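# Observations on the model geometry
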Amino acid sequence: ETGVTQTPRHLVMGMTNKKSLKCEQHLGHNAMYWYKQSAKKPLELMFVYSLEERVENNSVPSRFSPECPNSSHLFLHLHTLQPEDSALYLCASSRLWASTYEQYFGPGTRLTVT
Amino acid sequence: QQPVQSPQAVILREGEDAVINCSSSKALYSVHWYRQKHGEAPVFLMILLKGGEQKGHDKISASFNEKKQQSSLYLTASQLSYSGTYFCGTEGANAGGTSYGKLTFGQGTILTVHP
């Protein structure tokens, strides 16, 4: 299934800019996630939303601000980022299966902070 | 604490087999396997649950040893399309519907299949 889309696919921003990443899922799922993937590091969970309510904030700095207006859309608002925030940001959505969650990922936004 | 995958990298010729392992130091509820090709989204491969239930692709098989907190992914008769980075994600034993799929991922295993 490839029903999770992310825009933009690439983003270059300065440290003083404000930008937003968008994720949309067309799978009818009710949970959505933001992950950070840095070079040579494991995937890091940032935020989890279930039925539009944030259920997990994994000690993420406040310069990252998520928003989930409905079960199909998820945003990640960025402001005053640091160069070490450059990474691939992946969105995922999931459905409940046998008491766990089967997650499907989008292609990611490659973010470069200059 | 993140699971540890082994090996870190493996090189195969088409038709050869490979096993990728994922080990955790904590008791697990589920193990999830994904494959990611360069510049693409991670693709779901398998879920294995404590108790034996599993779900995944027909051509991929895996095992989950609950006592050892270890899972193995078996890639048989490899094809060129199997190349990519394989990740395991683990869910703690106290989860199960309440953790909303909060997974801790391993560092990945790079698989390269040559003709």
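Along every chain, residues carry numbers that run from 1 in the direction the sequence is written. Throughout, the order in which chains and ligands are written sets their labels, letters from A for the former and numbers from 1 for the latter. Reporting of local features is limited, given that this is a predicted model, to residues whose pLDDT is at least 70; pairs of side-chain atoms are given and counted only at 80 or more, and all residues count toward the totals for whole chains, interfaces and linings. In computing side-chain properties, one takes all heavy atoms of the structure into account and sets aside hydrogens as well as water.

## Quick look at the pattern of salt bridges
We define a salt bridge as a contact between a side-chain nitrogen of Lys or Arg and a carboxyl oxygen of Asp or Glu at a distance within 4 Å. Using the criterion set out here, one finds five salt bridges over all chains in the structure. Across the pair glutamate 44 of chain A and lysine 41 of chain A runs a salt bridge, and its minimum N-O distance is 3.6 Å. On the basis of relative accessibility, which here comes to 31%, the residue glutamate 44 of chain A falls in the partly exposed class. With its nearest N and O atoms 3.5 Å apart, the salt bridge here joins arginine 95 of chain A to glutamate 102 of chain A. Relative accessible area serves as the criterion here: at 1%, glutamate 102 of chain A is assigned to the buried category. Through salt bridges that share partners, Arg95 and Glu102 of chain A together with Lys55 of chain B make up one connected network. Throughout, exposure labels follow a simple rule: accessible area from a 1.4 Å probe, protein chains only, divided by the maximum for the residue type, with under 20% read as buried, over 50% as exposed, and the rest as partly exposed.

## What about the sheet that holds strand β7 (residues 64-70) of chain A?
Across a sheet, strands are paired by hydrogen bonds formed along the backbone, either parallel or antiparallel in direction. Residues and elements named next belong to chain A. One open sheet accounts for four strands, arranged β1-β3-β8-β7; its pairing is antiparallel. The open sheet has two edge strands, β1 (4-7) and β7, and neither has a second partner. Going from strand to strand, the sheet's axes swing by 20° on average, the running direction of each strand aside. Alignment of β7 against strand β8 (residues 73-79), held across five bridges, turns out to be antiparallel. Across the sheet, residue phenylalanine 64 finds its bridge partner in β8, namely leucine 78. Two strands make a pair as long as DSSP finds a minimum of two bridges between them. Here a helix means four or more residues in a row that DSSP labels H or I, a strand means two or more in a row labelled E, and each is numbered from the N terminus. Only C-alpha atoms enter the line fits that serve as axes; for helices the fit covers just the stretch in contact. Angles between N-to-C directions range over 0 to 180 degrees.

## A closer look at the state of the cysteines
Cysteine sulfur atoms that come within 2.5 Å of each other are treated as a disulfide pair. As enumerated under the stated definition, the model contains two disulfides over all chains in all. Residue cysteine 23 of chain A pairs covalently with cysteine 91 of chain A via a disulfide, S to S 1.9 Å. Sign of the S-S torsion, about -70° for the bond between cysteine 23 of chain A and cysteine 91 of chain A, identifies this disulfide as left-handed. Of the two residues, cysteine 23 of chain A sits in strand β3 (residues 18-25) while cysteine 91 of chain A sits in strand β9 (residues 87-97), which places them 68 residues apart along the sequence. Pair check on accessibility: cysteine 23 of chain A and cysteine 91 of chain A agree, each one buried. Paired through a disulfide, cysteine 22 of chain B and cysteine 88 of chain B show a sulfur-sulfur distance of 2.1 Å. Residues cysteine 22 of chain B and cysteine 88 of chain B share a disulfide whose torsion about the S-S bond is about 75°; that sign makes it right-handed. With cysteine 22 of chain B in strand β3 (residues 18-23) and cysteine 88 of chain B in strand β9 (residues 84-92), this residue pair connects regions lying 66 residues apart in the sequence. Across this residue pair, the class does not change: cysteine 22 of chain B and cysteine 88 of chain B are buried. Residue cysteine 68 of chain A stays outside any disulfide, its sulfur separated by 9.0 Å from that of cysteine 91 of chain A, the closest cysteine. Owing to a relative accessible area of 11%, cysteine 68 of chain A belongs among the buried residues under this scheme.

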